[in-house]
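Fold and contact review
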Amino acid sequence: MHVFTFFFWIVHKILFSGENHCGFEVPWSPFRVIPLVASVEYHDNHHSQNVGNYAGSWYIWDVIFDTTGP
């Protein structure tokens, strides 16, 4: 892996994780334009209902495996 790719991924994950765990939707977030990325509300639901909801950021996995929770 190229060092630029590695650092880009690390920065992306830090920013995305910070936004998902801040507790509110950021209306100007660049992550909102990426298709199939879960919202902050969906991610909060992921943490509150651990019976089935397995998608931390990409809700497509919950759709594919029908694990959207109770």
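The present account deals with the structure reproduced in this document. (Residues numbered from 1 in each chain as written. Predicted model: local features only at pLDDT ≥ 70, side-chain atom pairs only at ≥ 80, totals over all residues. Heavy atoms only, no water.)

With that settled, the discussion passes to helix H2 (residues 40–48). What H2 keeps buried is the set Val40, His43 and His46. Each buried residue of H2 sits inside an arc of 110° when the element is viewed along its axis, so together they form one side. Opposite the buried face of H2, at more than 90 degrees from it, the exposed residues are Glu41 and Ser48. Of the surrounding secondary structure, the elements contacted by the buried residues of H2 are helix H1 (3–20). (Buried < 20%, exposed > 50% of the residue type's maximum accessible area, 1.4 Å probe, protein only. Helix = DSSP H or I, 4+ residues; strand = E, 2+ residues; numbered from the N terminus. Arc of directions from axis to C-beta. Contact = heavy atoms within 4.5 Å.)

This part is about the packing of aromatic side chains. Aromatic rings considered in pairs are described by the distance between their centres and by the relative angle of their planes. Taken as a whole and assessed by the stated rule, the structure comprises two aromatic pairs. Judged by centre distance (6.4 Å) and plane angle (25°), the rings of Phe4 and Phe8 are stacked. One end of the pair is Phe4 and the other is Phe8, both in helix H1 and four residues apart, which spans about a single turn. Among the residues examined, Phe4 registers a relative accessible area of 60% and is labelled exposed. According to the relative accessible area criterion, Phe8 is exposed, its value standing at 54%. Between Phe6 and Phe7, the ring centres sit 5.4 Å apart and the planes meet at 65°, which makes this aromatic pair edge-to-face. (Phe/Tyr/Trp six-rings, centres within 6.5 Å; stacked < 30°, edge-to-face > 60°.)

Right, let's get into the environment of Ala38. Its location among the elements puts Ala38 in the loop between H1 and H2. According to the relative accessible area criterion, Ala38 is buried, its value standing at 6%. Along the backbone, Ala38 and Ile60 are 22 residues apart, and their C-alpha atoms lie at a distance of 8.6 Å.

We now examine H1. Between its terminal C-alpha atoms H1 stretches 26 Å, which fits the 26 Å expected from 18 residues at 1.5 Å a residue. For H1, the elements touching its buried residues are H2. (Expected span 1.5 Å × (residues − 1).)

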